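Chain and residue survey
So the chains spell out like this:
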Amino acid sequence: MTASSTSPSRMPGTAIAAAGIGALGVLPLTLVTVLPFLLGGVQSDDIRDWWVYALLLLPVLQVFGVVWLVSRRGRWPLVAGAVASLVFALLVIGTAVSVGSDVGATPVIVAVCPLVAAVLAFHPRVTAWLAGRRRAG
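Now for a look at the structure at hand. Computed from a predicted model, the values in this text were never measured in an experiment. (Residues numbered from 1 in each chain as written. Predicted model: local features only at pLDDT ≥ 70, side-chain atom pairs only at ≥ 80, totals over all residues. Heavy atoms only, no water.)

Summed over all chains, the structure comprises two aromatic pairs. Judged by centre distance (5.1 Å) and plane angle (35 degrees), the ring pair of Phe-64 and Trp-68 falls under tilted. Residue Phe-64 and its partner Trp-68 are both found in helix H5 (residues 57-70); the two are separated by four residues, about one turn of the helix. Considering the side-chain rings of Trp-76 and Phe-122, the 5.3 Å spacing of their centres and the 70 degrees angle between planes classify their relative orientation as edge-to-face. In this pair, Trp-76 is assigned in helix H6 (residues 76-99) and Phe-122 in the loop between helix H7 (106-120) and helix H8 (124-136), connecting sequence segments 46 residues apart. The class of Trp-76 is exposed, set by a relative accessible area of 58%. Over the aromatic face of Trp-68 sits the side chain of Arg-73, whose NZ or CZ is 5.6 Å from the ring centroid. (Phe/Tyr/Trp six-rings, centres within 6.5 Å; stacked < 30°, edge-to-face > 60°. Helix = DSSP H or I, 4+ residues; strand = E, 2+ residues; numbered from the N terminus. Buried < 20%, exposed > 50% of the residue type's maximum accessible area, 1.4 Å probe, protein only. Lys NZ or Arg CZ within 6 Å of the ring centre and 35° of its normal.)

Listed below in structure tokens is the structure:
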């Protein structure tokens, strides 16, 4: 290993991959949560339900997690975004199964990128890189 690959000040490739995959995961999450909201497809009795507004926070949480990781502050917001995306995907699948509908691969696509990003954020090199900030600061 070279000195630059072990330097705690240089962002490791695993952290770059986690941030990139996390950012890539924002697109399907945004499409699935924001598009139905804009089209008015998630409302009852001409009033939007309260939980619809909570859905809009999912892509925001994912972007915040990516920014938090890249700014070397930590990985927990990225993990929170992954958990929220997974819960959302499981709720979509559970609802579809309960009404006998097929949702295809969309819930899986929504959850995969945030989960992969969160797993990559726990790589030992990312851990060392994040710990280096705490020592330097």
